[in-house]
Amino acid sequence: MLVGVSACSGSGSDQAGGTSDGKASGKPSASASPSPTKPKGPPMLLETIMPQSGTKVGVAMPISVVFTDPVAAKARASVEKHMKVSASNPVEGAWHWFGDKRADWRPKEYWPSGTKVKVVADMEGVSNGNGRYGTHSYTHDFTVGDDVRADVSVSGHTMKVTKNGSTLRTLSINAGSSEYPTWNGTMAVIDKQKEVHMTSCSVGISCDKGSANYYDLTLPWDVHLTQSGTYVHYSTGDPNPGSGSARGSHGCVHLSMSDAKWFYQQVKQGDPVTITGSPRAKAPADNGYAAFNLSWDQWLQGSGSGEGTTATL
């Protein structure tokens, strides 16, 4: 799972051995019952695959795979080839590496609502290019749910929420101040919690209780947008957000208590929240699940094997 903090934060080269496709090779013994081939090195393991199996996610949710050990650049195309994505509605997509341990797969455009997706990471015998080899396969199945989106206008102090193309509500919001602006761009919801403990000291804003920027609060109805800790939530310091109050946050998006609870009940992991009008840059694509903050050309630049079409379930 992704964890982290921000301005509104919650405390919350060796040559690859084996065959040309990256799998370990071995010579069978001369006996009638040859011994099983053994990997040439220690295991290559996956730390996490998101989304979790059996979940229902939003249309902007990438598949995110984190390895326990670094994968060499020379081995990434092979590793990608052994992480197969199938879908009931075939889509174009590609893997993209963030550093040497995390690979995300996203469709070129948002997932079609209702798509069933299967990920099979057949890692048995696959080399990571650094002397490690996979030991087994991993399978995850998930479903893409309703197309729920939220569009935040920082200058307009509004957030429009739509579902399957129809507007549900337009809510009053306040975003970050000029000193602590909110990230721009599209961020897929990471998760949500009914309460999150948020402190200014944990994110380096202020540990001085006498500072105007000091806070140590547990706040409700928290929808998590970035690994660095951006949330959509209710704040006791900004109970009636909107153009009338125009009180800036420390980077989060504030809603009234009733609106925050309503929004919390509407959204799920992977639903896109798109923020415009902030002086800050777009959130980095690996700051949570902000894959769609990269253009398709930029996304492909981080791929070992390039774009392809999912197999059909």
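Given the structure is predicted, the values throughout are model-derived calculations rather than measurements. (Residues numbered from 1 in each chain as written. Predicted model: local features only at pLDDT ≥ 70, side-chain atom pairs only at ≥ 80, totals over all residues. Heavy atoms only, no water.)

Peer 1: Would you explain the overall build of the chain in this entry?
Peer 2: Across its full length, the chain holds three helices and 21 strands. A total of 313 residues make up the chain; the buried ones form 50% of that total. (Helix = DSSP H or I, 4+ residues; strand = E, 2+ residues; numbered from the N terminus. Buried < 20%, exposed > 50% of the residue type's maximum accessible area, 1.4 Å probe, protein only.)

Peer 1: Before we go on, may I ask you to explain the sheet that holds strand E14 (residues 185-188) in this structure?
Peer 2: What links the strands of a sheet is backbone hydrogen bonding, and the strands pair in either a parallel or an antiparallel sense. The strand order across the open sheet built from five strands is E13-E12-E11-E19-E14, with neighbouring strands paired in mixed fashion. The two strands at the open ends of the sheet, each matched to only one other strand, are strand E13 (166-172) and E14. Each neighbouring strand pair of the sheet contributes to a mean axis angle of 20°, computed without reference to strand direction. Sheet topology places strand E11 (residues 148-153) next to strand E12 (residues 158-163); six bridges connect them, and they run antiparallel. Paired with Ala150 across the two strands is Val161, which belongs to E12. Against the sheet, helix H2 (residues 257-266) makes contact with E11, E12, E13 and strand E19 (272-276), and its axis sits at roughly 145° relative to E13, the strand it touches most. (Pairing = 2+ DSSP bridges. Axes fitted to C-alpha atoms, helices over the stretch in contact; angles between N-to-C directions. Contact = heavy atoms within 4.5 Å.)

Peer 1: Would you explain the pattern of salt bridges in this entry?
Peer 2: One side chain can pair with another of opposite charge once the charged atoms of both are near each other. Applying the stated rule across the entire model yields six salt bridges. Between Asp69 and Arg132 there is a salt bridge, and its shortest N-O distance comes to 3.5 Å. One end of the pair, Asp69, is in the loop between strand E4 (63-67) and helix H1 (76-81); the other, Arg132, is in the loop between strand E8 (116-122) and strand E9 (133-134), and 63 residues separate them in sequence. The partner of Asp146 in a salt bridge is Lys163, with the nearest N and O atoms 3.6 Å apart. Note that Asp146 is positioned in the loop between strand E10 (137-144) and E11 and Lys163 in strand E12, a separation of 17 residues in sequence. (Salt bridge = Lys/Arg side-chain N within 4 Å of Asp/Glu carboxyl O.)

Peer 1: Before we go on, may I ask you to explain the packing of aromatic side chains in this structure?
Peer 2: Each aromatic ring pair is summarised here by two numbers: the centre-to-centre distance and the angle between the ring planes. Using the criterion set out here, one finds six aromatic pairs in the structure. When the ring of Phe98 is compared with that of Trp299, the centres are 5.9 Å apart and the planes differ by 70°; the resulting orientation is edge-to-face. Remark: Trp299 occurs in helix H3 (residues 296-301) and Phe98 occurs in strand E6 (residues 92-98); sequence separation between them is 201 residues. Both residues of the pair, Phe98 and Trp299, belong to the buried class. Residue placement shows Arg76 over the ring face of Trp97; its charged tip is 5.2 Å from the ring centre. The lysine or arginine in question, Lys192, covers the ring of Tyr264, its NZ or CZ lying 4.7 Å from the ring centre. (Phe/Tyr/Trp six-rings, centres within 6.5 Å; stacked < 30°, edge-to-face > 60°. Lys NZ or Arg CZ within 6 Å of the ring centre and 35° of its normal.)

Peer 1: Even after reading the chapter, I still don't get the nonpolar core, so can you show me in this structure?
Peer 2: Nonpolar side chains in soluble globular proteins generally cluster together in the buried interior. In this structure, Ile63, Phe67, Met83 and Trp111 are the most contacted members of the largest nonpolar core, which totals 41 residues. Of all the secondary structure elements, the ones that give two or more residues to this core are strand E2 (46-50), E4, strand E5 (83-87), E6, strand E7 (102-107), E8, E10 and H3. In terms of residue count, the dominant contributor to this core is E6 (four residues). (Core = buried A, V, L, I, M, F, W, Y, C linked by side-chain atoms within 4.5 Å.)

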